[in-house]
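Architecture at a glance
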Amino acid sequence: MKFSKSYFLLTKSCYSSQCLIPQKPIFKNALVHNLCKDGRFKEAIDVLCEQKHLKEAIQLLNLIHKPSPSIYSTLIQCCLKKRALEEGIKVHQHIKLSGFLPGLFISNRLLDMYAKCDGLVHAQKLFDEMGERDLCSWNVLISGYCKVGLLKEAREVFDKMPERDNFSWTAMISGYVQHDRPREALELYRMMMKRYECLKSNKFTVSSVLAAAAAFPCLRIGKEIHGYLMRTGLDSDEVVWSALSDMYGKCGSIEEARCIFDKMVHRDVVTWTAMIGRYFEDGRRKEGFDLFAELLRSGIRSNDFTFAGVLNACADISAEGVGKQVHGHMIRIGFGALSFAASALVHMYSKCGNMINAERVFRGTPRPDLVSWTSLISGYAQNGHPAEALQYFELLLKSGTQPDHITFVGVLSACAHAGLVDKGLQYFHSLTEEYGLTHTADHYACIIDLLARTGQFEEAEKIINKMPMQPDKFLWASLLGGCRIHGNLKLAERAAEALFKIEPENPATYVTMANIYATAGMWSDVERMRKFMDNRGVVKKPGLSWVEIKRKVHVFLVGDGSHPRSKEIHEFLGKISKRMKEEGFVPDTNFVLHDVEEEQKEQNLSYHSEKLAVAFGIISTPEGTPIKVFKNLRTCVDCHTAIKFISKIANRKIVVRDSNRFHCFEDGTCSCGEFW
């Protein structure tokens, strides 16, 4: 018989120099214990498995010695800690080979190891083989199934349980919550409260049920649970406080969420971040920023999620001033370039039109992630720098980073804004052919936008007819926008008809069609669009523009006369209008909806909100200061042309961010190259 090297090493000290008969049991429990203690886990498993050879040798000498239960318990625990399923199976096999009969404790440890190491097939087999089971055995198996989303199997085990405790109910309820089945979670909780009046919910059960009420969402049930908490005294726990605040916030009851938040004695950064995020999600940005400032004063260190949430809120409203202050704070407290909040910084600066800072942050990141790459590419595309956007896309590919579908949205947008049809189609097809991605509705909307802008409607219709999914509102809106540019009335009516079915309440479709009809002199159809809007209760969204001067935001509506400096603004526009006409500016009255005299049309155009904001920016700042204006809608053709003239006459760089993109006006030209 051939023995392994380990056998001789293990048994060397067990033999005298005079005799081959063992003087003491050769299986060394201490060796395995010490190997585990020293972190030499796999060596311990190897020692255990080589006992097969020892067993054969010992049988020859009629001396059999079995491992102690503590050895198996230690090794199983190591397997669980290391999530080492394969080694755990070896330990279990050795238990069977050794003839050791595991008790309930060892069996439950094995069951727990299998359940937590993704060995549920082995766990179920062991569970079925167990002659004795306790409540722990059932709970372990249920938790294992819930963890991986096998809720049907978990419920089958749950329903067969001879008895249940709080852990059983909580495991099943939280399993439903974690896998987006809040209705079943709430139904199970009601069953628990109805059938087991003697069983009191603990903080973990209640927290799971509150999460279900938040996911549903159902404020009524959430309030019922809140009442139960107050009656039972569970509402004093911080875990429950946090779950309550989260439930109220997700159910749209921000005031109650803040009330709970204010009552919490110990608030960690996660709690602060969640409450700040709720304000931003609800559109209450000022309160979100105020609470963030309060967090900074509290002395609690913000984390990546806090900064990312605040920076994204800054990006949404183009609050670059606030974003810069957040950036400065991050630098002061030592937030490194490896932080994923750096991606949010790139995104914020890009959305605010400051590509210099966006690129500076990006280049300062040692290993930029895909979000940073995509933000920079999309930022350059939206800011009228398609060449830079495509250049960074090529650098992304060279870096070895795999682009995703969002990256390609930025790339295709860059092509659309530059009118690069061939390049855009090449990227569109390479998305599936080279990168193995699937076209999304956003990709189709981008390519249709590109084709429609350049007047290639036949190609656009071919792609639409071959789409594997139904065209969405963004695609039809892109097509309608192209039809407006090129006066394609027939296709515009097709796109509008589709949009009326998808979102009949959106005023943009009616207004765009009215503009197209007005351009064609079809005033009866313009009136028909107006009546459609009236009959369906659709109200045109008022256009508003805003500009930030000395950290104060000034908002303007069309024809606005409420601003304290309104008289100066109108005087400036009157003077510069004369200069513009001398330079060759002709007001574009094609899109004025009212069938009135040309003079009245020009008057209507003169006081559009973006013109008022630009005028105020110029009269409120020193000569040469760049002006940055933001608008909630797409800028009109007349304003776009007028601001080009204003930039040249006033010798100012004027940036206008509308709902679609950035326009950078300088010396009479715009960065969009007329593709907008």
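Residues numbered from 1 in each chain as written. Predicted model: local features only at pLDDT ≥ 70, side-chain atom pairs only at ≥ 80, totals over all residues. Heavy atoms only, no water.

1. Focus on the pattern of salt bridges
Put simply, the rule is: Salt bridges, as used here, are contacts in which a Lys or Arg side-chain nitrogen is within 4 Å of a carboxyl oxygen on Asp or Glu. Secondary structure elements are defined from DSSP: runs of H or I of at least 4 residues count as helices, runs of E of at least 2 residues count as strands, and each element is numbered from the N terminus. The cut-offs for exposure are 20% and 50% of the maximum accessible area for each residue type, with area from a 1.4 Å probe on protein chains only; residues under the lower value are buried, those over the upper are exposed, and the others partly exposed.
Tallied over the entire structure, the rule returns 25 salt bridges. Here Asp282 ties to Arg284 by a salt bridge, and the two come within 3.9 Å at their closest N and O atoms. Where Lys286 meets Asp290, a salt bridge forms, and the shortest distance between an N and an O atom there is 3.0 Å. Of the two residues, Lys286 and Asp290 both sit in helix 18 (residues 285-298), four residues apart, roughly one turn of that helix. Given a relative accessible area of 62%, Lys286 falls into the exposed group. Here the salt bridges do not stand alone but share partners, grouping Glu255, Asp282, Arg284 and Glu287 into one network.

2. Things to note about the packing of helix 25 (residues 405-418) against helix 26 (residues 421-433)
If you want to describe how two helices pack, look at the angle between their axes and the distance between the axes. Keep this limit in mind: Angles shown run from 0 to 180 degrees and are taken between the N-to-C directions of axes, each axis being a line fitted to C-alpha atoms and, for helices, limited to the stretch in contact. Angles are sorted into four bins: roughly parallel if under 35 degrees, roughly antiparallel if over 145, roughly perpendicular if 65 to 115, and oblique for all others. Each crossing gets its hand from how the near helix is turned against the far one by less than a right angle, where anticlockwise is left-handed and clockwise is right-handed. The criterion used for residue contact is that any of the two residues' heavy atoms lie within 4.5 Å.
Across the interface, helix 25 lies against helix 26 with an axial gap of 8 Å and an inter-helix angle of 160 degrees. In terms of their interaxial angle, helix 25 and helix 26 are classed as roughly antiparallel. For helix 25 against helix 26, the interelement crossing comes out left-handed. Two secondary-structure elements touch here, helix 25 through Phe408, Val411, Leu412 and Cys415 and helix 26 through Lys423, Gly424, Tyr427, Phe428, Ser430 and Leu431.

3. Observations regarding the nonpolar core
The test is simple: As used here, the term nonpolar core means buried Ala, Val, Leu, Ile, Met, Phe, Trp, Tyr and Cys residues forming a set that is joined through side-chain atoms within 4.5 Å.
Counting residues in hydrophobic clusters, the biggest one holds 155 residues, and the most contacted among them are Ile142, Met172 and Leu479. Considering every element that reaches this core, the biggest residue donor is helix 27 (residues 441-453), with eight residues. Apart from the residues lying within four places of it in its own chain, the contact partners of Leu479 are Ile448, Ala452, Phe457, Ile464, Leu491 and Ala495. Counting residues in each nonpolar core, the second largest holds 26 residues, with Val547, Leu612, Phe616 and Ile654 among its members.

4. Observations regarding the packing of aromatic side chains
Convention followed: Only rings of Phe, Tyr and Trp enter the pairing, Trp through its six-membered ring, and a pair is recorded when the two centres are within 6.5 Å. The plane angle decides the type: under 30 degrees is stacked, over 60 is edge-to-face, the rest tilted.
Per the counting criterion, the structure on display carries 17 aromatic pairs. On the numbers, 6.1 Å between centres and 20 degrees between planes, the contact of Trp546 with Phe630 is stacked. In this pair, Trp546 is assigned in strand 1 (residues 544-549) and Phe630 in strand 3 (residues 627-631), connecting sequence segments 84 residues apart. Given a relative accessible area of 6%, Phe630 falls into the buried group.

5. Quick notes on the sheet that holds strand 2 (residues 552-557)
Hydrogen bonding along the main chain pairs the strands of a sheet, whether they run parallel or antiparallel. Going by this rule: Strands pair, by our definition, only if DSSP identifies at least two bridges between them.
Taken together, six strands build an open sheet; the order of strands is 2-1-3-4-5-6 and the sheet is mixed. With one partner strand each, in any of the chains shown, strand 2 and strand 6 (669-670) form the two edges of the open sheet. One ladder, built from two bridges, connects strand 5 (residues 662-666) with strand 6; its direction is antiparallel. Bridge pairing in strand 6 links Glu666 to Thr669.

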